[in-house]
Amino acid sequence: MATLISSRTQEPLVLGIETSCDETGVGVVRGHTLLADAVASSVDDHARYGGVVPEIASRAHLEAMVPTIRRALDEAGVTAADLDGVAVTAGPGLAGALLVGVSAAKAYAYALGKPLYGVNHLASHICVDQLEHGALPEPTMALLVSGGHSSLLLAPDITTDVRPLGATIDDAAGEAFDKVARVLGLGFPGGPVIDRYAREGDPAAIAFPRGLTGPRDAPYDFSFSGLKTAVARWIEARRRAGEEVPVADVAASFQEAVTDVLTRKAIRACKDEGVGHLMIGGGVAANSRLRAMAEERCADAGLTLRVPRPKLCTDNGAMVAALGAEMVARGRPASGWDLPADSSLPVTEPHVPAASAAGHHGPPSGAGRPGHGNQGHRGHGHDHDHVHELSRKNLYDA
């Protein structure tokens, strides 16, 4: 594959911006090496509401964006002018939150004269493992579990070919953790607190159901709504009877049901597809029981397990930068200046190239700038270069 690096022979240096939900993440990656991973979280602002409030998340991204980018560049020991590209999560996610990140990435890429890469949030969760364990095997089997997604994905090429094998039909695993934690009165987010209480409980204390595990059920799809309801009804029954709710046992039994289903289906997919390894990513991949059960079951099945360290499992800019660096290294086409924020971007689109830019990388000297030709914003034909020049200087100074 051709490598497109700005007049250097070293691996591509890419800045990644992630704003799909409530984390403002900015990462700097050179090839497969993580140089910086700066995160500004607004989770405390959402905790009082028991979940993420989109408008609050968007405003928090606006406030955190420039300081977080500066912090990442400082941590990496590079300047914005050193970059070979700017990558950003284009979707899926919260529309307003995505828009903040996409807008910022466009501004930086334009001002710096660097190529822009709009990438897929889910594909980024897979690609981040390269920062921990080296190049991904091809194909890669990935189990992605988070607050919004529970998916089994086969990726022959993480930059161009990601195939969904199964997904949640209702609540995602992380969403179920949040809802069960709320019923138990443990607060938000639910994943870490359930994990913590479960360590003191008995995972076999309560026989909670395993959804979609019957012989006639879809082999790779997930359903956690029924499990969540079963837990809620069990707790309500105890409270109506005036009995104490054993929080640790409930947490452990619920967590065991989730991790049992996730690992069982993932290992079956590996066997059915003839893939000798399993990669697990997404926020729920930080769960200690999921990691332990996956390690045990993969060992029994003769499979190699790849799981990034917990900090790289949750949403972060490093994962976006990792996929962006892979796009640059493999010579994939850059995105256009009309790159949208797509809240429902399908996982089958690992990145969003410019519609008319096959083989084109980075902003040209005039035609690719907004308002100058078919890669600019449609219907916008005025010349605002005096504004862009001011922005260019300010961003270089960042």
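Since the model is a prediction, treat every value here as computed from it, not as a measurement.

How each quantity is defined
Residues numbered from 1 in each chain as written. Predicted model: local features only at pLDDT ≥ 70, side-chain atom pairs only at ≥ 80, totals over all residues. Heavy atoms only, no water. Pairing = 2+ DSSP bridges. Helix = DSSP H or I, 4+ residues; strand = E, 2+ residues; numbered from the N terminus. Axes fitted to C-alpha atoms, helices over the stretch in contact; angles between N-to-C directions. Contact = heavy atoms within 4.5 Å. Buried < 20%, exposed > 50% of the residue type's maximum accessible area, 1.4 Å probe, protein only. pLDDT = per-residue confidence, 0-100. Parallel < 35°, antiparallel > 145°, perpendicular 65-115°, else oblique. Left-handed = near helix turned anticlockwise from the far one by under 90°. Nonpolar A, V, L, I, M, F, W, Y, C, P; charged D, E, K, R; others polar. Salt bridge = Lys/Arg side-chain N within 4 Å of Asp/Glu carboxyl O.

**A closer look at the sheet that holds strand 9 (residues 277-281)**
The strands that make up a sheet pair up through hydrogen bonds in the backbone, lying either parallel or antiparallel. What the five strands build is an open sheet, ordered 8-7-6-9-10; its pairing is mixed. Lying at the two open borders of the sheet, with one neighbouring strand each, are strand 8 (161-167) and strand 10 (304-306). Taken over all neighbouring pairs, the strand axes of this sheet differ in orientation by 25° on average, direction set aside. Summarising the sheet, strand 9 and strand 10 pair through three bridges and their orientation is parallel. Opposite His277, over in strand 10, you have Thr304 as the bridge partner. This element, helix 9 (residues 247-273), spans strand 6 (140-145), strand 7 (150-157), strand 8 and strand 9 of the sheet and lies at about 165° to strand 6.

**A closer look at the environment of Asp157**
Among the secondary structure elements, Asp157 is positioned in strand 7. For Asp157 and Pro350, which are 193 residues apart along the polypeptide, the C-alpha to C-alpha distance reads 9.4 Å. Apart from the residues within four sequence positions on either side, Asp157 is in contact with Glu138, Val162, Arg330 and Arg332.

**Brief notes about helix 7 (residues 190-198)**
A turn of α-helix holds 3.6 residues, and therefore any two residues three or four places apart point the same way. Turning to helix 7, its buried residues are Gly190, Val193, Ile194, Asp195 and Ala198. Among the structural elements, helix 6 (173-184), helix 9 and helix 10 (288-301) are those in contact with the buried residues of helix 7.

**With respect to unusual backbone geometry**
Following Glu138, the chain continues into Pro139 via a peptide bond in cis, with omega recorded as 5°. The residue after Phe188, namely Pro189, is reached through a cis peptide bond having omega 0°. Although it is not a glycine, Leu212 sits at a positive phi angle of roughly 55°. Note that Leu212 resides in the loop between helix 7 and helix 8 (225-240).

**Thoughts on the confidence of the model for the protein chain**
Looking at the protein chain as a whole, the pLDDT averages 88, with 87% of positions reaching at least 70. Scored below 50 in pLDDT, residues 357-398 shows 71 contacts in the model against residues more than four places distant or in partner chains.

**A few points about the packing of helix 7 against helix 9**
Between helix 7 and helix 9, the shortest axis-to-axis distance is 7 Å and the interhelical angle comes to 110°. What the angle tells us is that helix 7 and helix 9 run roughly perpendicular. Crossing hand, helix 7 versus helix 9: left-handed. Contacts between helix 7 and helix 9 pair Ile194, Asp195, Tyr197 and Ala198 from the former with Val247, Ala248, Ala251, Ala252, Phe254 and Gln255 from the latter. Among the residues forming the contact of helix 7 with helix 9, the class breakdown is eight nonpolar, one polar and one charged.

**Let's talk about the pattern of salt bridges**
Evaluated as defined, the whole model comprises 18 salt bridges. Across the salt bridge formed by Arg264 and Asp260, the nearest N and O atoms sit 2.7 Å from each other. With Arg264 and Asp260 both in helix 9 and four residues apart, this pair spans about one turn of that helix. Salt-bridge contacts for Glu326 lead to Arg330; the nearest nitrogen and oxygen are separated by 2.8 Å. Judged by its relative accessible area of 8%, Glu326 falls in the buried class.

**What to know about the sheet that holds strand 3 (residues 33-41)**
In spatial order, the strands read 3-2-1-4-5-11; together these six strands make up an open sheet with mixed pairing. Where the open sheet ends on each side, the last strands, each with one partner, are strand 3 and strand 11 (351-352). Across four bridges, the pairing between strand 1 (residues 13-18) and strand 4 (residues 85-91) is parallel. Across the sheet, Val14 pairs through a bridge with Gly85, a residue of strand 4. Helix 2 (residues 54-76) rests against strand 1, strand 2 (23-30) and strand 3 of the sheet, and its axis sits at about 155° to strand 3. Strands in contact with helix 3 (residues 95-112) are strand 1, strand 4 and strand 5 (116-120); relative to strand 4, the strand with the most contacts, it is inclined by about 160°.

**Some thoughts on the pairing of strand 7**
Remember that side chains alternate between the two faces of the sheet whenever the strand is regular. When you tally the buried positions in strand 7, you get seven out of eight residues, the bulk of the element. Joining the antiparallel neighbours strand 6 and strand 7 is a turn of four residues. In this structure, strand 7 lies alongside strand 8, joined through five bridges in antiparallel fashion. Bridge pairing in strand 8 links Asp157 to Asp161. Connecting strand 7 to the antiparallel partner strand 8 that follows it, the hairpin turn spans three residues.

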